[in-house]
Amino acid sequence: MNKKMTISSIKKAKGNRPLVMITAYDALFAKLLEPSADMILVGDSLNMTFGGKSDTLSATMQQMIYHTNAVCMGAKNSFVVCDMPFGTYRDKTTALENAIRVFQQTPADCIKIEGGEEKADIIKYLCSNGIAVCGHIGLLPQAVRSEGGYKVKGKTSDEQLQLIEDARAVEEAGAFCMVIEGVKAEVAAEVAKCVDIPVIGIGAGADVDGQVLVFSDMLGLYEEFTPKFVKKYLDGATLVKDAVKNYADEVNSRAFPKKEHTY
Ligand code: KIV
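Attention now moves to the domain arrangement of the protein chain. Split into domains, the protein chain comes out as domain 1 (7–232) and domain 2 (236–263). With centres defined by C-alpha atoms, the gap from domain 1 to domain 2 works out at 38 Å. In this assembly, four residues from domain 1 lie in contact with four residues from domain 2. Summing both sides of the interface, domain 1 and domain 2 together bury roughly 270 Å²; the carbon and sulfur share of this comes to 50%. Considering only the side of domain 1, the residues that lose the most area to domain 2 are Gly220, Leu221 and Glu223, jointly responsible for 85% of the buried surface there. Between the two partners, domain 1 and domain 2, sit one salt bridge. Measuring nitrogen to oxygen at the nearest pair gives 3.0 Å for the salt bridge that ties lysine 241 to glutamate 223. Taken together, domain 1 and domain 2 are joined by three residue pairs in polar contact (both at pLDDT 80 or more). Across the side of domain 1 that touches domain 2, the residue classes break down as two nonpolar, one polar and one charged.

Structure (structure tokens):
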């Protein structure tokens with residue numbers, strides 16, 4: 001069994017080896033993913049992949065707590081990150097109340113919140129109250145409606161400077177690592193160099209301190225939409241549909257169950 005990562009070993013990975021982060025939403029998959037992942041993220045992306053919604057915005061604390069507990073049951077030896085849903089960290093008091101709920105009601109190791117410089121005060125407040133925080137900068141899925149879509153960041157020099165400011169502010173506020181999403185590769189590489197904590201990329205190129213993917217994207221299970229940055233390591237949807245068709249055909253032809261499946 002691999003040794004469970006800690007905040008200290010995650011920080012020490014920077015400059016030594018890339019970190020592997022993957023999302024999971026339930027015990028079944030968490031157990032399957034655990035042997036190869038350094039960190040498991042219970043992302044609010046579950047609202048889309050699991051809940052069938054078109055964005056993450058309606059995910060709730062109750063859902064995140066339920067799914068985080070399920071993941072922790074399946075992956076008892078993993079460092080688990082619980083995503084804070086939209087609106088649950090809008091000010092310091094609300095953020096701390098909700099983060100305390102996560103720490104009291106689940107065994108999650110840290111919470112993740114979206115936002116850079118503008119969220120630094122909140123991150124600082126959480127950290128000073130005993131909450132471990134993973135930041136999330138760049139493309140912020142929770143801003144999809146206010147920004148009118150998922151917009152890749154780092155295309156202009158203003159955006160590049162802002163990303164560096166964001167990363168520095170998140171680090172100074174006390175976060176121990178951060179996700180950087182949907183950022184031009186060369187800019188993300190620059191951002192990763194500007195801070196001493198690991199910067200884990202998704203759609204941010206290879207020259208960062210680790211990678212994160214949504215498990216249902218990389219296993220080819222989510223068919224609605226595949227972002228450019230996703231590599232499908234399995235054609236999961238086809239495999240599942242073929243297997244279920246096979247089952248249905250055998251039920252219809254009475255080829256299943258056979259003697260060995262019968263009491
Ligand atoms: O919710 C999620 O899965 C995430 C990843 C996209 C990093 O935040």
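This part is about the site of the ligand. Around the ligand sit Thr23, Leu41, Gly43, Asp44, Ser45, Asp83, Lys112, His136, Glu181, Ile202 and Val214, and that is every residue in its neighbourhood. Between an oxygen atom of the ligand and a side-chain N or O atom of aspartate 44, the distance comes to 3.0 Å. Lysine 112 is positioned with one of its side-chain polar atoms (N or O) 2.9 Å from an oxygen atom of the ligand. In isolation the ligand offers 260 Å² of accessible surface; the protein chains occlude 96% of this area. Residue classes in the shell around the ligand are distributed as three nonpolar, four polar and four charged.

This next bit is on the nonpolar core. In this structure, Ile113, Leu126 and Ile180 are the most contacted members of the largest nonpolar core, which totals 58 residues. Not counting residues up to four positions away in its chain, the partners in contact with isoleucine 113 are Met84, Tyr89, Ile122, Ile123, Leu126, Val133, Cys134, Gly135 and His136. One finds Met5, Val81, Ala132 and Ile202 within the second-largest nonpolar core, a separate group that totals 18 residues.

Here we take up the environment of glutamine 142. Looking at the secondary structure, you find glutamine 142 in the loop between strand S5 (133–138) and helix H7 (157–173). Exposure remark for glutamine 142: the relative accessible area of 7% places this residue in the buried category. Each C-alpha atom of the pair glutamine 142 and glutamate 117 lies 16 Å from the other, and the pair is 25 residues apart in sequence. Once residues lying within four places of it in the same chain are set aside, the contact partners of glutamine 142 are Asp44, Thr56, Leu57, Met84, Pro85, Phe86, Tyr89 and Glu114. For glutamine 142, the side chain forms a polar contact with the side chain of aspartate 44, separated by 2.6 Å. At a separation of 2.6 Å, a polar atom in the side chain of glutamine 142 contacts the side chain of tyrosine 89.

Along the polypeptide, aspartate 121 turns up in helix H6 (residues 120–128). By relative accessible area, aspartate 121 is classed as exposed at 54%.

Rules and cut-offs
- Residues numbered from 1 in each chain as written.
- Predicted model: local features only at pLDDT ≥ 70, side-chain atom pairs only at ≥ 80, totals over all residues.
- Heavy atoms only, no water.
- Domains from an automatic or database assignment.
- Contact = heavy atoms within 4.5 Å.
- Buried area = accessible area lost by both parts, 1.4 Å probe.
- Salt bridge = Lys/Arg side-chain N within 4 Å of Asp/Glu carboxyl O.
- Polar contact = N/O pair within 3.5 Å; in protein donor to acceptor, adjacent residues only side chain to side chain.
- Nonpolar A, V, L, I, M, F, W, Y, C, P; charged D, E, K, R; others polar.
- Near = heavy atom within 4 Å.
- Areas by Shrake-Rupley, 256 points an atom, 1.4 Å probe, with all protein chains shown as cover.
- Core = buried A, V, L, I, M, F, W, Y, C linked by side-chain atoms within 4.5 Å.
- Buried < 20%, exposed > 50% of the residue type's maximum accessible area, 1.4 Å probe, protein only.
- Helix = DSSP H or I, 4+ residues; strand = E, 2+ residues; numbered from the N terminus.

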